[in-house]
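Structural overview for review
Chain by chain, the residues run as shown.
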Amino acid sequence: MGTVVAAQANFYEVYLAHGAVDQTPLLCTGRARLLKTGRRVMVGDRVWLGEADLGTGRGVIAGIAARQSEMAHPPVANATCLVVVVSLAEPPLEAMLLSRFLVHAEAMGLGVQVALTKVDLVESTIAAAWETRLAQWGYQPFLVSTPMSLGLEPLRAALVGETAVLCGPSGVGKSSLINALVPTAGRGVGAVSARSGRGCHTTRHVSLLPLPAGGFLVDTPGFNQPLLRMSARGLGDAFPEIRQRLRYGTCEFRNCQHHREPGCQVRGDWERYAHYCTWLQECLAQEAHTANSAGRDAGVKYKSGPAGRLRAEPRLTAEKYRRLSRRRLHQEIAQLDEPLSPED
Ligand SMILES: Nc1nc2c(ncn2[C@@H]2O[C@H](COP(=O)(O)OP(=O)(O)O)[C@@H](O)[C@H]2O)c(=O)[nH]1
Ligand SMILES: [Mg+2]
Ligand SMILES: [Zn+2]
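Values in this document were obtained by computation on a predicted structure and should not be read as measured data. (Residues numbered from 1 in each chain as written. Chains lettered and ligands numbered in written order. Predicted model: local features only at pLDDT ≥ 70, side-chain atom pairs only at ≥ 80, totals over all residues. Heavy atoms only, no water.)

Glancing now at unusual backbone geometry. Here the residue pair His73 and Pro74 is connected by a cis peptide bond, since its omega of -5° sits within 30 degrees of zero. Within the secondary structure layout, Pro74 lies in the loop between β6 (70–71) and β7 (76–77). Positive phi values are uncommon outside glycine, yet Glu90 reaches one of about 50°. Positionally, Glu90 belongs in the loop between β8 (81–87) and α2 (95–106). The class of Glu90 is exposed, set by a relative accessible area of 57%. (Helix = DSSP H or I, 4+ residues; strand = E, 2+ residues; numbered from the N terminus. Buried < 20%, exposed > 50% of the residue type's maximum accessible area, 1.4 Å probe, protein only.)

Following this line, the structure appears as structure tokens:
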């Protein structure tokens, strides 16, 4: 078995070990029978090799193992861990933005780690205060400085054996961190295009970089726009504080949204409860919108617009399926019973 670390057309680079130093990946093609099934090989897939010739470095992929996870952005199979990266300064750390990144990351159902970068730019008391604050949120952050090589060892240790994707706002030091964690980052990638004779081309494909101690780091960061596309229930599950509270108690109502319901175990005096209440409104509005426009897809047609882009347009004949205008949507949100806010 091996792991697909890069893919282009029907050429795949496959590592035989789960991340290892100094290993040249095999250049593989998909077996015709596999291709006929229509199953697409993704970067990160664990695959069975039908043939592998270490002499020529060629192989054939015969089958794909069931995926443990499948991420769309970047397209990676079997990622195990998301590392939310934010800087302590330049740009300054915003609690609510970090919190939102964490919630979005948790919603993917993978392990979540936090790296606070640019520790060299702030007083140690400030870094320590964030550490304490994050502990209350349920996280043990890694405090790092890439240029000073500070705090990288514990992060390296935590990523052994993982397939990790970094995410976070731009300018916080994600690329610097990738380069520090993977000594070979920036070179070696693109062998697929070189060896398949297609040359480097414009589209940059995602690839897995082998971590020296085992495991992989994905070479491109994940989302940098933390959208909250989840149900109210999913939102609650994304807070370690809420999971912790529900481990030791049960709300009176099984479908409790932890807002104003009596007998709620979650509502209380904890820092991110305010975030929960704010985003609950967002998630509920979205749930309602999705329910209201169940036929939305049927009511939208796609037209190619300028530059060949597809543009969604409401079908003018089907009045009732017209997409809600932004203003209508906002009106509907405003009409929801009462504004949701933390208990005062
Ligand atoms: N002082 C300091 N600067 C850093 C650190 N990490 C990254 N930088 C700088 O921050 C800028 C943005 O880094 P980059 O890795 O491109 O961030 P990205 O947009 O998240 O990929 C660059 O000028 C880096 O040199 C750090 O730990 N300390
Ligand atoms: Mg970058
Ligand atoms: Zn509750």
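After that view of the structure, there is still more to cover.
Membership of the largest hydrophobic core comes to 48 residues, with the highest contact counts inside it found for Ile61, Leu88, Leu98, Leu102 and Leu116. Sorting elements by how many residues they give to this core places α2 first, with five residues. Structurally, this core is a two-domain feature, drawing no fewer than three residues from each of domain 1 (2–67) and domain 2 (76–193 + 203–218). With sequence-adjacent residues up to four places away left out, Leu116 is seen in contact with Val86, Leu88, Leu93, Trp130, Leu134, Pro141, Phe142, Leu143 and Val144. Counting 20 residues, the second largest nonpolar core, distinct from the first, contains Val103, Leu228, Leu235 and Tyr273. (Core = buried A, V, L, I, M, F, W, Y, C linked by side-chain atoms within 4.5 Å. Domains from an automatic or database assignment. Contact = heavy atoms within 4.5 Å.)

Attention now goes to the site of ligand 1. Taken together, 14 residues form the shell around ligand 1, and within it Asp120, Gly171, Lys174, Ser175 and Ser176 come nearest. At 2.8 Å, a side-chain N or O of Asp120 approaches a nitrogen atom of ligand 1. A distance of 2.6 Å separates an oxygen atom of ligand 1 from a polar atom in the side chain of Ser176. Protein contact buries 67% of the 580 Å² of open area that ligand 1 shows by itself. (Near = heavy atom within 4 Å. Polar contact = N/O pair within 3.5 Å; in protein donor to acceptor, adjacent residues only side chain to side chain. Areas by Shrake-Rupley, 256 points an atom, 1.4 Å probe, with all protein chains shown as cover.)

This brings us to α2. Counted at 1.5 Å a residue, the expected span for α2 with its twelve residues is 16 Å, and the 16 Å between its end C-alpha atoms agrees. Considered for burial, the residues of α2 that qualify are Ala95, Leu98, Ser99, Arg100, Phe101, Leu102, Val103, His104, Ala105 and Glu106. Looking at the buried side of α2, the elements it contacts are β8, β9 (111–117), α3 (124–137), α7 (232–237), α8 (240–248) and α9 (273–292). (Expected span 1.5 Å × (residues − 1).)

It is worth spelling out the coordination of the zinc ion (ligand 3) at this point. Distances from the zinc ion (ligand 3) to its protein donors, Cys251 (SG), Cys256 (SG), His258 (ND1) and Cys264 (SG), fall within 2.1 to 2.4 Å. Taken together, the four donor atoms coordinating the zinc ion (ligand 3) and their angles of 102 to 113° define a geometry best described as tetrahedral. When the donors of the zinc ion (ligand 3) are listed by position in the chain, the intervening gaps give C-x4-C-x1-H-x5-C. This pair shows no difference in class: Cys256 is buried, exactly as Cys264 is. (Donors = N, O, S within 2.8 Å, 3.2 Å for Na, K, Ca; no water. Tetrahedral: all angles 85-135°; square planar, octahedral: opposite > 155°, others 65-115°.)

This part is about the environment of Arg247. When you line up the elements, Arg247 lands in helix α8. Under the relative-accessibility criterion, Arg247 is labelled exposed at 55%. Among the polar contacts listed, one links the side chain of Arg247 to the side chain of Gln244, at a separation of 2.8 Å.

Bringing the packing of α2 against α9 into the picture now. Interhelical geometry of α2 versus α9 gives an angle of 60° and a closest axis separation of 11 Å. Relative to α9, α2 is oriented oblique. Crossing handedness for the pair α2 and α9: right-handed. Note on element contacts: α9 touches α2 through His275, Thr278, Trp279 and Glu282, opposite Ala95, Met96, Ser99, Arg100 and Val103. Among the residues making up the contact of α2 with α9, the classes are represented as four nonpolar, three polar and two charged. (Axes fitted to C-alpha atoms, helices over the stretch in contact; angles between N-to-C directions. Parallel < 35°, antiparallel > 145°, perpendicular 65-115°, else oblique. Left-handed = near helix turned anticlockwise from the far one by under 90°. Nonpolar A, V, L, I, M, F, W, Y, C, P; charged D, E, K, R; others polar.)

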